[in-house]
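Coordinate inspection notes
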Amino acid sequence: MDPLQARRLLDHACSAGAGFAELFVEETRFSSIQLRDRRVESASAGTEFGIGLRMIFGSQVLYGHTSREDIGALERLVEELAQARPRNGQDLDLGDPITGRSFADPAARTGRDPSDPQKDGRLAILRMADEAARAVSPRVVQATIGILHRRTRLTIFNSEGLEREGDRTWTRFNVGVIAEHQGVRQTGSEAPGEGRGLEFLDKLDAVGNARAAADRAVRMLDASAAPAGEMPVLIGNGFGGVIFHEACGHPLETEALRRKATPFAGRIGEMVAHPCLTAIDDGTIPHAWGSLDFDDEGTPTARTTLIENGVLRTFLSDRIGAAECGVPRSGSARRESYRYAPVSRMRNTFINAGESSQEDLFASMGDGLWAVRMGGGSVNPATGEFNFAVEEGYLVKAGKVGGAVRGATLTGKGHEIMPRIRMVGRDLAMAPGTCGAASGLVPVSVGQPSILVDPILVGGRS
């Protein structure tokens, strides 16, 4: 978008009464290919373009978007929002402006974009992974494997003089396996991804990921029913961090704090977790799935310590959340696309590594459950209540790992569980995911080392 045209539109928005106006100009190219049962099930590619306009009147935010770039359509969008403006209300002080100009450097880009799946190697990787999964066992009845690539070029202008240009790229490999025996079906999955182009695939162990997913599905076929009741649970590293993300991370966003929908309201400086727990959200990790140079308002991202040695330090914030809640900006404003207004969201969120070895964790837990791999679940973000399935689990007796169990679920409230995390391991690992909330779907990482929760309610069948 021409910068002079953007300036004229923003001036027009402010002359219509807005105290602040912002344009988010986005072009996204995407490509995906998926193999199922040795056949290409789907292959797609496309481009999306659009412009989002945010106008703030007093403390009221109005948002609209269009896929048209002509000045007439954009001026009509300004006028439509201005007509819907509130006639009274208090002004909101957004604090110091985000200023300056920065532009994506084409010379700094080394990422490879997709071309033809046959020529760029994606199809060969899918076929190789498919064969590796099927070779694990004749009980593997289905393998679904895909590669997704997405590249977004964006420019943010605001009425304070900001002009920020970015270029973001993500590539992800995913494999899902179904194993079956005597009418019982179990699933296994792996889905690594990074914030870079197809060069991510050069170092990807596609065969190893496919085998791991298939091994897990086949192993759980012979598992016994999980026990039920309160017990110590050792939650494995990596994707185990999804529970903290869902049950504690969302209540630590100012979007929840503004609506008074978080159990952490008014508790900065208080102990909210066991002293062994430190939780961080870091948008600056190079090539991590949830990293950004700057957020979707143009604020540079940062490493934010949310909980330090059990003490609540701050919340994740966008500009409006920071202004309304009185916390520092963390560069956490995010949105799925130009169709959404930005709100505070997580980036790469994890429980930091602790000091306990794996041997110490098992020796301390006595009898309980080892939840090696977490599956899907649900959470009420207002209360922190969660319910997550265990994809791979084992009984532990007197600190010794026993047989595999299936059908276990972990249930509780995030803010009540955190004081019960009494030991934190050293084996921090991260896993990519997709988070859905008020501003759409955004790429995030979850992570943690192995953690011992004592006790937690386990749902099972025995």
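First things first, this report covers the structure right here in the doc. (Residues numbered from 1 in each chain as written. Predicted model: local features only at pLDDT ≥ 70, side-chain atom pairs only at ≥ 80, totals over all residues. Heavy atoms only, no water.)

Take the pairing of strand β5 (residues 140-158) next. Counted residue by residue, β5 has 14 buried out of 19 residues, so it is predominantly covered. Of the pairings in the sheet, the one linking strand β1 (residues 20-36) to β5 comprises 15 bridges and is antiparallel in character. Bridge pairing links T28 to T152 in β5. Summarising the sheet, β5 and strand β6 (residues 163-181) pair through 17 bridges and their orientation is antiparallel. Looking across to β6, one finds that I156 is bridged to R164. Between β5 and β6, which pair antiparallel and follow one another directly, the connecting turn spans four residues, one of which, G161, has a positive phi of 105 degrees. (Buried < 20%, exposed > 50% of the residue type's maximum accessible area, 1.4 Å probe, protein only. Helix = DSSP H or I, 4+ residues; strand = E, 2+ residues; numbered from the N terminus. Pairing = 2+ DSSP bridges.)

So, on to the side chain of T349. Along the polypeptide, T349 turns up in strand β16 (residues 348-351). Judged by relative accessible area, which is 1%, T349 ranks as buried. Beyond its immediate sequence surroundings of up to four residues, T349 is in contact with F244, I280, D281, M430, S445, V446 and G447. (Contact = heavy atoms within 4.5 Å.)

Tallied over the entire structure, the rule returns 34 salt bridges. Ionic pairing is found between D222 and R139, a salt bridge with its closest N-O pair at 3.2 Å. A residue pair is termed long-range when its members are at least 10 positions apart, and D222 in the loop between α4 (206-221) and β9 (224-225) and R139 in the loop between α3 (122-135) and β5 qualify at 83 residues. For K203, the salt bridge identified is with E194, shortest N-O distance 3.2 Å. Three or more residues joined by partner-sharing salt bridges are found here, namely E190, R216, R219, R373, E391 and E392. (Salt bridge = Lys/Arg side-chain N within 4 Å of Asp/Glu carboxyl O.)

For the coordinates displayed, the defined rule picks out three aromatic pairs. Measuring from centroid to centroid gives 5.8 Å for W370 and Y394, while their planes differ by 40 degrees, and the two rings are tilted. Of this pair, W370 sits in strand β17 (residues 368-380) while Y394 sits in strand β18 (residues 385-397), placing them 24 residues apart in sequence. Here Y394 falls in the buried class, since its relative accessible area comes to 12%. When the centroid spacing of 6.2 Å and the interplanar angle of 45 degrees are considered together, the rings of F386 and F388 count as tilted. Across this residue pair, the class does not change: F386 and F388 are buried. Taken together through their ring pairs, the aromatic side chains of F362, W370 and Y394 make up a single cluster. One residue, R164, lies across the ring of F294, its end atom 5.9 Å from the ring centre. (Phe/Tyr/Trp six-rings, centres within 6.5 Å; stacked < 30°, edge-to-face > 60°. Lys NZ or Arg CZ within 6 Å of the ring centre and 35° of its normal.)

Our focus in this paragraph is unusual backbone geometry. For residues other than glycine, phi is negative in most cases, and the peptide bonds are mostly trans. Residue P455 follows D454 across a cis peptide bond; omega there is -5 degrees. Secondary-structure assignment places P455 in strand β24 (residues 451-459). At K260, a position not held by glycine, the phi torsion is positive, near 55 degrees. You can see K260 is positioned in the loop between α6 (254-258) and β11 (279-282). Overall, the relative accessible area of 73% leaves K260 in the exposed class. Positive phi values are uncommon outside glycine, yet N309 reaches one of about 50 degrees. Here N309 lies in the loop between β12 (303-308) and β13 (311-312).

Interhelical geometry of helix α1 (residues 3-15) versus helix α2 (residues 71-83) gives an angle of 25 degrees and a closest axis separation of 10 Å. On the basis of the axis angle, α1 is roughly parallel to α2. When you trace α1 past α2, the crossing you get is right-handed. Residues Q5, L9, H12 and A13 of α1 touch α2, and the partners they reach there are I71, L74, E75, V78 and E79. Grouping the constituent residues of the contact of α1 with α2 by class yields five nonpolar, two polar and two charged. (Axes fitted to C-alpha atoms, helices over the stretch in contact; angles between N-to-C directions. Parallel < 35°, antiparallel > 145°, perpendicular 65-115°, else oblique. Left-handed = near helix turned anticlockwise from the far one by under 90°. Nonpolar A, V, L, I, M, F, W, Y, C, P; charged D, E, K, R; others polar.)

These figures come from the coordinates and say nothing about function on their own.
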